[in-house]
Each structure stands twice: as structure tokens, then as C-alpha cells.
Amino acid sequence: MSHPHLHLLPDQIYHFDARGVAKRFRHAAIFGALDALVSGETMRFVNDHDPLPLLQQLSQRYGPAVNISYVQREPGQIVIDFARV
């Protein structure tokens, strides 16, 4: 019996730790990761600072197609869920 790969199942949370991505590639990597999500999937984003300019870019690019919600918002530890609608 064949089982689908975990990354093909809806309602999954995929972790994206931006701290391990070179700064000059971060936004492109984040956009690519969000573009790869299907409806019902969530990317859990981790960073060491609050990415306010990025959030503005994401709102402009995706509008209501991606829900943005903070899981943790403390200095040095930011966790945000980006859920594809």
C-alpha cells in the first residue's frame, strides 16, 4: 500500500528557521517556501528579530491568501505561523 509523503498532506506545519539562511537570501527563500504551500498548510517561521518590513511585503504580495499570526513575540525569539488559505 502506498502512503503519501508527509509534505503532500494538508494541515501540516513546516518549520522555517530564518536564522540559518544568509540575510541576502532570506526574503527570496521565504517567498519560495510560501509559494510552495498549498491550502491548509502552515509554515512556522523562526527568527531572532521581528520582521516587520517582511510582514508588510508578505501582506502586499499574498493579501488574504496567507494568514499571519504570532506564536511567540519576545526579544530574540520570534515565531510566526504563515497559514496558506
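Residues numbered from 1 in each chain as written. Predicted model: local features only at pLDDT ≥ 70, side-chain atom pairs only at ≥ 80, totals over all residues. Heavy atoms only, no water.

K.L.:
Can you walk me through the overall build of the protein chain in this structure?
P.N.:
Helix and strand counts for the protein chain come out as two helices and four strands. Helices (α) and strands (β) of the protein chain occur, in sequence order from the N terminus, as β-α-β-α-β-β. Burial statistics for the protein chain: of 85 residues in total, 29% are counted as buried. Summarising the internal contacts of the protein chain: among those between residues at least 6 apart in sequence, 59% fall at separations of at least 24. For the protein chain, the accessible surface area stands at approximately 5500 Å², while carbon and sulfur atoms represent 56% of it. (Helix = DSSP H or I, 4+ residues; strand = E, 2+ residues; numbered from the N terminus. Buried < 20%, exposed > 50% of the residue type's maximum accessible area, 1.4 Å probe, protein only. Contact = heavy atoms within 4.5 Å. Areas by Shrake-Rupley, 256 points an atom, 1.4 Å probe, with all protein chains shown as cover.)

K.L.:
For this particular structure, what's the right way to read the sheet that holds strand β3 (residues 66–74)?
P.N.:
Strand pairing in a sheet relies on backbone hydrogen bonds, with the paired strands running either antiparallel or parallel. In space, the four strands of this open sheet follow the order β1-β2-β4-β3, with mixed pairing throughout. The open sheet is flanked by β1 (13–17) and β3, the only strands paired with a single partner. The average angle at which neighbouring strand axes cross in this sheet is 20 degrees, direction not considered. As paired elements, strand β2 (residues 42–47) and strand β4 (residues 77–84) share six bridges and run antiparallel to each other. (Pairing = 2+ DSSP bridges. Axes fitted to C-alpha atoms, helices over the stretch in contact; angles between N-to-C directions.)

K.L.:
Explanation requested: the side chain of Arg26 in the structure shown.
P.N.:
With respect to the helices and strands, Arg26 occurs in helix α1 (residues 26–36). Although buried, Arg26 forms no salt bridge, and the nearest oppositely charged side chain, Asp48, lies 4.7 Å from it. For Arg26, the contacting residues outside a window of four places in its chain are Ala18, Arg19, Val21, Asn47 and His49. (Lys, Arg positive; Asp, Glu negative; His and termini not counted. Salt bridge = Lys/Arg side-chain N within 4 Å of Asp/Glu carboxyl O.)

K.L.:
How should I be thinking about the packing of α1 against helix α2 (residues 52–62) in this particular structure?
P.N.:
Two numbers describe a pair of packed helices, the interaxial angle and the distance between the axes. Here α1 crosses α2 at 40 degrees, and the two axes come no closer than 12 Å. It follows from the interaxial angle that α1 and α2 lie oblique. In this structure, α1 meets α2 at a crossing whose hand is right-handed. Contact residues: α1 offers His27, Ile30, Phe31, Leu34 and Asp35, while α2 offers Leu54, Gln57, Leu58, Arg61 and Tyr62. In terms of residue class, the contact of α1 with α2 is made up of six nonpolar, two polar and two charged. (Parallel < 35°, antiparallel > 145°, perpendicular 65-115°, else oblique. Left-handed = near helix turned anticlockwise from the far one by under 90°. Nonpolar A, V, L, I, M, F, W, Y, C, P; charged D, E, K, R; others polar.)

K.L.:
How should I be thinking about the side chain of Asn47 in this particular structure?
P.N.:
Mapping Asn47 onto the fold places it in strand β2. Residue classification places Asn47 among the buried residues on the basis of a relative accessible area of 2%. Side-chain polar atoms of Asn47 contact the backbone oxygen of His49, separated by 3.4 Å. With sequence-adjacent residues up to four places away left out, Asn47 is seen in contact with Ala18, Arg19, Arg26, Gly76, Gln77 and Ile78. (Polar contact = N/O pair within 3.5 Å; in protein donor to acceptor, adjacent residues only side chain to side chain.)

Any functional reading would require information beyond the geometric quantities listed.
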